[in-house]
Amino acid sequence: MLPINNTSDQESTLNHPTIGIIGCGNIGGRQAANFLAHGYSVYVYDINPDAMVQLQPLGACIVQSCAELATYSEIIFTALPTPADVITAVLESPQNLSQGLRSGSVYIDLTTNSPETILRLHQAMEQLGVEMLDAPFNDCPVGAESKGGMGLAIMASGSKVTFQRVQPILELMADQVLYCGEITTGTKCKLIHNAVNAVAVQAVSEGITLGLAQGIPLEIIWDSLRFGSFGQNAGDIHGLPHYWFSRRCDDSSKHPAFTVKLLHKDLRIALGMANQSNICVNHLSLTVKDYEEAEQRGWSNYATTKVRCLQEERAGVIAKATLPVLSSDTQPQPQSTSTATEDSPIKKGIFSVFAILVLVIGSNLFQLGLHWLLRSPN
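Calculation notes
Residues numbered from 1 in each chain as written. Predicted model: local features only at pLDDT ≥ 70, side-chain atom pairs only at ≥ 80, totals over all residues. Heavy atoms only, no water. Helix = DSSP H or I, 4+ residues; strand = E, 2+ residues; numbered from the N terminus. Buried < 20%, exposed > 50% of the residue type's maximum accessible area, 1.4 Å probe, protein only. Contact = heavy atoms within 4.5 Å. Areas by Shrake-Rupley, 256 points an atom, 1.4 Å probe, with all protein chains shown as cover. pLDDT = per-residue confidence, 0-100. Axes fitted to C-alpha atoms, helices over the stretch in contact; angles between N-to-C directions. Parallel < 35°, antiparallel > 145°, perpendicular 65-115°, else oblique. Left-handed = near helix turned anticlockwise from the far one by under 90°. Nonpolar A, V, L, I, M, F, W, Y, C, P; charged D, E, K, R; others polar. Polar contact = N/O pair within 3.5 Å; in protein donor to acceptor, adjacent residues only side chain to side chain. Salt bridge = Lys/Arg side-chain N within 4 Å of Asp/Glu carboxyl O. Pairing = 2+ DSSP bridges. Right-handed = clockwise from strand over helix to strand, strands pointing away. Core = buried A, V, L, I, M, F, W, Y, C linked by side-chain atoms within 4.5 Å. Phe/Tyr/Trp six-rings, centres within 6.5 Å; stacked < 30°, edge-to-face > 60°. Lys NZ or Arg CZ within 6 Å of the ring centre and 35° of its normal.

**Brief notes about the overall build of the chain**
Here is step 1 of the chain: Scanning the chain from terminus to terminus reveals 15 helices and nine strands.
Here is step 2 of the chain: Relative to its 378 residues, the chain shows a buried fraction of 37%.
Here is step 3 of the chain: Within the chain, counting contacts between residues at least 6 apart in sequence, those at least 24 apart form 63% of the total.
Here is step 4 of the chain: As displayed, the chain offers around 21800 Å² of accessible surface, 58% of which is attributable to carbon and sulfur atoms.

As structure tokens, then:
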């Protein structure tokens, strides 16, 4: 993974770089084991000796400091809890990482960090001649399944050239490897992801507590959420390109099946249920206010997606793109209901022809079998 020289031995080594991992907790420890399973040499360091000892039987090499780890490694990862922990390990502690880093090596921070910390680290790496990516890691919590069994996504940013050099390594770590842009962009994307996820979790919590207060069994509430459009479309995230980014929401002539007026009615009823039970539902209350404003603006007969334009105005941006909006070929394609309806007569016609052929062939086979039985000797 370092610049290729002329000797074949050097080429072989650089195509299979030595990896160093600082932080052997949930993410770092699992990735160390993952790299070892793929045949890489891995050096590990953690302030907790027990965390390193657990990796030793798998083939990990234990070192006594971050600086020592850097002297052996061509690609170094930090996977630590907080920005302060990263600064300590990389720049401030005795025998910190920067004291052992070699020019030409690559440093990748997997921590969900702060943009300010990433910029400080990046400036320090530039002075040392070390390339850097911030690549926060999206782990695989209970309820989500990783195809590779390691993680869901890595959101990397920094030099595109550096990213391409280490991309094969990153692809061993998670199902999706996203290149987000210049340094700190990956960190910002991860922070946005976590913020959206946290709000959605609170919204789900409001719904569950509201249902329980109405005497609905928990398993029924659970099934209602996961088998409805919310659960099937991950909170509408997959439908956004078709319904919002395409700006269909700005055209009332599209005759949407679900309008602002209809959803506002549903939200008011749900809020009324909560009020009757004296349940505080802050997120629902704020959403109802948005739909009230949308109706006041004359958007009653627009698609429900139109309400999102209020937030665009507040932020001074517009989400617009040419369909399809896909950052990866593996993401699901949004489909409109009308397309599915148009295809159904064709599919029905194909099925009818197929059914007729099966009946004809089956009938002929039955007649041949009967004829053979009647002619066979007793």
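**Considering the confidence of the model for the chain**
Here is step 1 of the chain: Averaged over all residues, the pLDDT of the chain is 81; the fraction at 70 or higher stands at 80%.
Here is step 2 of the chain: The low-confidence segment residues 1-14 (pLDDT under 50) makes 20 contacts with residues lying over four places distant or belonging to another chain.
Here is step 3 of the chain: Here residues 329-361 is modelled with pLDDT under 50, and outside its nearest four sequence neighbours on either side it reaches 11 contacts, counting other chains as well.

**Some points on the packing of helix α8 (residues 185-213) against helix α9 (residues 218-227)**
Here is step 1 of the chain: For the pair α8 and α9, the least separation of the axes is 9 Å and the interaxial angle reads 140°. Between α8 and α9, the interaxial angle falls into the category oblique. For the element pair α8 and α9, the recorded crossing hand is right-handed. Along the contact surface, α8 presents Val 204, Gly 207, Ile 208, Gly 211 and Leu 212, while α9 presents Leu 218, Ile 221 and Leu 225.
Here is step 2 of the chain: When the residues that make up the contact of α8 with α9 are grouped by side-chain class, the tally is six nonpolar, two polar and no charged.

**Details of the side chain of Asn 34**
Here is step 1 of the chain: One can find Asn 34 in helix α2 (residues 26-37).
Here is step 2 of the chain: There is a polar contact of 3.2 Å between the side chain of Asn 34 and the side chain of Gln 31.

**A few points about the pattern of salt bridges**
Here is step 1 of the chain: Scanning all chains against the criterion turns up 11 salt bridges.
Here is step 2 of the chain: Among the salt bridges present, the one from Asp 250 reaches Lys 306, with a minimum N-O distance of 2.8 Å. Residue Asp 250 is located in the loop between α11 (240-245) and α12 (260-276), and its partner Lys 306 is located in the loop between α13 (282-296) and α14 (308-315); the two are separated by 56 residues in the primary sequence.
Here is step 3 of the chain: Across the salt bridge formed by Asp 290 and Arg 314, the nearest N and O atoms sit 2.5 Å from each other. Here Asp 290, found in helix α13, pairs with Arg 314, found in helix α14; they are 24 residues apart in sequence, far enough to count as distant.

**Let's talk about the pairing of strand β9 (residues 176-181)**
Residues in a regular strand point their side chains to alternate faces of the sheet.
Here is step 1 of the chain: Two elements, strand β8 (residues 153-158) and β9, share five bridges in a ladder whose sense is parallel. From the neighbouring strand, Met 155 faces β9, where its bridge partner is Leu 178.
Here is step 2 of the chain: Traced from β8 through helix α7 (residues 160-170) to β9, the parallel crossover comes out right-handed.

**Considering unusual backbone geometry**
Here is step 1 of the chain: Phi at Thr 184 is positive, roughly 85°, even though this residue is not glycine.
Here is step 2 of the chain: As for its placement among the helices and strands, Thr 184 is situated in the loop between β9 and α8.
Here is step 3 of the chain: Given a relative accessible area of 6%, Thr 184 falls into the buried group.

**What about the nonpolar core?**
Here is step 1 of the chain: In this structure, Phe 77, Leu 97, Tyr 107, Ile 108 and Leu 170 are the most contacted members of the largest nonpolar core, which totals 54 residues.
Here is step 2 of the chain: When sequence neighbours within four positions are dropped, the list of residues in contact with Leu 97 reads Ile 22, Cys 66, Ala 67, Leu 69, Ala 70, Ile 76, Ala 89, Val 90 and Tyr 107.
Here is step 3 of the chain: Of all hydrophobic cores here, the second largest spans 22 residues; its members include Leu 210, Phe 245, Cys 249 and Cys 309.

**Some words on the environment of Cys 249**
Here is step 1 of the chain: Within the element layout of this structure, Cys 249 appears in the loop between α11 and α12.
Here is step 2 of the chain: Residue class for Cys 249 comes out buried when judged on its relative accessible area of 1%.
Here is step 3 of the chain: In this structure the C-alpha to C-alpha distance between Cys 249 and Trp 299, which are 50 residues apart in sequence, comes to 9.9 Å.
Here is step 4 of the chain: Setting aside residues no more than four positions away along its own chain, Cys 249 makes contact with Tyr 243, Trp 244, Tyr 302, Thr 305, Lys 306 and Cys 309.

**Section: the environment of Ser 205**
Here is step 1 of the chain: The topology assignment puts Ser 205 in helix α8.
Here is step 2 of the chain: Assessed through its relative accessible area of 32%, Ser 205 is described here as partly exposed.
Here is step 3 of the chain: Each C-alpha atom of the pair Ser 205 and Val 281 lies 9.2 Å from the other, and the pair is 76 residues apart in sequence.

**Remarks on the packing of aromatic side chains**
The geometry of an aromatic ring pair is captured by two quantities: the separation of the ring centres and the angle between the planes.
Here is step 1 of the chain: Taken as a whole and judged by the stated rule, the model has four aromatic pairs.
Here is step 2 of the chain: Aromatic side chains Phe 35 and Tyr 40 sit 6.2 Å apart centroid to centroid with 70° between the ring planes, which places their arrangement in the edge-to-face category.
Here is step 3 of the chain: Classification of Tyr 40 by relative accessible area gives buried; the value is 12%.
Here is step 4 of the chain: Each residue in the set Phe 35, Tyr 40 and Phe 77 is aromatic and connected to the rest through ring pairs, giving one cluster.
Here is step 5 of the chain: Against the face of Trp 299 rests Lys 306, its NZ or CZ located 4.8 Å from the ring centre.
Here is step 6 of the chain: Over the ring of Tyr 302 we find Lys 306; its NZ or CZ atom is 5.3 Å from the centre of that ring.

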